Amino acid sequence: MSIYIEDTARNNLATWTTNAIQAGLAVGAVITPFTTPHDRQGHKQAGATTVGRMPDGAAMWFDATTHALQMAGVGDYRFYDGWNLWEGARGALNTDDEQRDHLRRVFATQSALGTPALAPTILLHSPQSDTSQRALSISRFAVDIDPACHLSISGTSSFWASGAELDAHIGALAQLDPSGWFISAVYASTDLPVNAQPAEIAGIARTVRALSAYAPVHVSYGDLAALPAVAAGATSIGTGWDLRQKVCAFPNFYQRDSEPSTGGSWPRRPTIERLVSIFDRTEAERLQAQDRPLADSLIRGPLSPHEGGEAFTHHLRCLNNLVNDIEAGATHEERYHVLRQIYEQAIDIYPTVRGLCSCRATAGEWVTPFLAGLNLYARSEGWN
Amino acid sequence: MTIDEIIDEACAALHVTQIRPLRDGGQKSVRLVVDGHGAELVLKVVLVGGTNADALRRSQREVELLQRVDNPHVVAVRSGLIQIGDPAEGVAWLEEYLDGDDLSNVINGPWAWESAARLGKELGSGLGALHELRVVHRDLSANNVRQLSDGSFKVMDPGFARHELRSGITIGGHPGTPGFASPEHLHSYSGGPTPFSDVFCVGILVFLTLTEQLPIPFTGETSDYLRRLHDVDVIDLAALRPDLADDQIALVKRCLHPQPARRPRNGGELASLFERLA
């Protein structure tokens, strides 16, 4: 299992990613045309420069993120239009020729950057619709153009929660036999934890379980929410220090004029590993002051530093620890039991923690829906 | 034109002579014919009044594709698809003549695993040849699998053409036979039948030969059957055949997995798996 750093419009992608890779906490990064410019713009390095600055052996991807163009309110084209991804109107994929042309441009861009071929897709709300038919068509053209490409699947909660209809759509895609998959769950808001429903979590896990039998599956922007997918066989997940690297949501792509040049506030929030949660810093400090042994056992190490890349490293380390725990299970069923136990222990200890530090985070937000989704997945496997 | 006039015209165009009717019904007629070298063939005629030109062209392309299939477990197509009348009133093509009997007539008691596995392996092989050409059978049932006099099995009526020509029984807009359909038959968009669905249908046939029962029986109200098909509510094979080994049961269950992508990927992979357990 590997961790990739998702792209950020802030100016610290290359440095922090390099540090994470050199520390053995990540294997590479994913850049996108929404957050990395083709040519240098102000403090933002050109895409080719960012890719070139990565350490030897870093795995770099260019995700065209075409599925963002169908999100409500999309408008952040500061960098996007500098990439040559469309012959005609941005997002026009109605005809076979338009689909093939966009695919060729994306693949040419990736080839020029020296990154693997990753086909774009469109955002789906339903797996049985004209739009899903078009997504299948785009994927089919993609493997016709480059049989070694990876394919993308992107959907909102209703897509991932649609049970047998989802499974049928995934089956049609699986027939295309690509080299790998990038899947993403897309939300209407950037809330963290993501507002995921159990049926959706189970749908993602079922999909990962099926697709990973033949090819690697990356869960973009997965972060802590992707742990059930890890139990189901995901080979990599995406994360980052900023909120917009931990969740793929419509607001990530809203029009904005500028970005703060700092790393943002999220790296300062400690990850409470055994609660599978992220706290405010003051809450974590209060917990530590009230019961140091308990805090140390939950955080599994010292509280993160206040600032910068080292604070982010703390989150990456927690994520790696959780993934390693899950992957200690020799079979899919054992992995399920490991993660279920992590969730159940978190639910058990949460009341004590809340009593000690009055944190706003609750098990009901951070743990319970994911345990319910994991159990739904397990039920479909006949494990509970 | 009458059906007899269409058949006469088809015989003339394909240079064959009628011997006797084999099957008539609905919009389709099947005749035993003989060619100029004395070889027995099957003439298939479908009435297509009202079929649009695009559907006809797609059917022609697919029959041409099927002519390229060279596999002992798929009926051989011996001619291209010809159009009778202008505008088309019928279409016709030639296939090899098969002796033996339909699978539905040769299940007289539960089969031993070895026989059922042979069925799975040979159907897998035949379907695999179709899948390599990106052709999905879509309507595998006990009535379009033939056991020949030498004991081997052949897939009949492959491909999309029958659907295009509206001569197949349809479920959810796809050709398919109640009791023998896959859950993907219920979907009209991107989730429609794929090679995974043909694999599911082989699972149904293997289950049927092992138990004399369909795993998702077509009984009661149609809506109830469709619900059970949607939910892949499959009868427990282990309960009906406790004598089977775990890996044998596991393979049939895998063919009938609710998630298409969890089944063997295509006919070729299916044939290998059945061969391993034969």
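For clarity, every value in this text was computed on a predicted model and none was experimentally measured. (Residues numbered from 1 in each chain as written. Chains lettered and ligands numbered in written order. Predicted model: local features only at pLDDT ≥ 70, side-chain atom pairs only at ≥ 80, totals over all residues. Heavy atoms only, no water.)

Observations regarding the sheet that holds strand β8 (residues 153–155) of chain B
Residue and element names in this part refer to chain B.
Line of reasoning, step 1. One open sheet holds the three strands; their spatial order is β6-β7-β8, and the pairing between them is antiparallel. Every interior strand has two partners, whereas the edge strands, β6 (101–102) and β8, have only one.
Line of reasoning, step 2. Of the pairings in the sheet, the one linking β6 to strand β7 (residues 145–147) comprises two bridges and is antiparallel in character. The residue bridging D102 from the neighbouring strand is R146, located in β7. (Pairing = 2+ DSSP bridges. Helix = DSSP H or I, 4+ residues; strand = E, 2+ residues; numbered from the N terminus.)

Description of the pattern of salt bridges
Line of reasoning, step 1. A full pass over the atoms with the stated rule returns 35 salt bridges over all chains.
Line of reasoning, step 2. R256 of chain A is the partner of D76 of chain A in a salt bridge, and the nearest nitrogen-oxygen pair spans 4.0 Å. Of this pair, D76 of chain A sits in the loop between β3 (59–62) and α3 (96–113) while R256 of chain A is found in the loop between β9 (248–249) and β10 (271–272), placing the two residues 180 residues apart along the sequence.
Line of reasoning, step 3. Judged by its relative accessible area of 23%, R256 of chain A is partly exposed.
Line of reasoning, step 4. R31 of chain B is the salt-bridge partner of D24 of chain B, the closest N and O atoms lying 3.4 Å from each other.
Line of reasoning, step 5. Overall, D24 of chain B belongs to the partly exposed group, its relative accessible area being 47%.
Line of reasoning, step 6. Residue class for R31 of chain B comes out buried when judged on its relative accessible area of 10%. (Salt bridge = Lys/Arg side-chain N within 4 Å of Asp/Glu carboxyl O. Buried < 20%, exposed > 50% of the residue type's maximum accessible area, 1.4 Å probe, protein only.)

Focus: the domain arrangement of chain A
All names here are of chain A.
Line of reasoning, step 1. Examined at the domain level, chain A breaks down into domain 1 (2–253) and domain 2 (268–381).
Line of reasoning, step 2. Its C-alpha centre places domain 1 at a distance of 26 Å from the equivalent point of domain 2.
Line of reasoning, step 3. Domain 1 puts 31 residues into the contact, and the matching count from domain 2 is 32 residues.
Line of reasoning, step 4. Note on domain 1 versus domain 2: buried area summed over both sides is about 2700 Å², and carbon and sulfur give 79% of it.
Line of reasoning, step 5. Per-residue buried area on domain 1 facing domain 2 is highest for L25, L224 and L227; these three make up 24% of the total on that side. (Domains from an automatic or database assignment. Contact = heavy atoms within 4.5 Å. Buried area = accessible area lost by both parts, 1.4 Å probe.)

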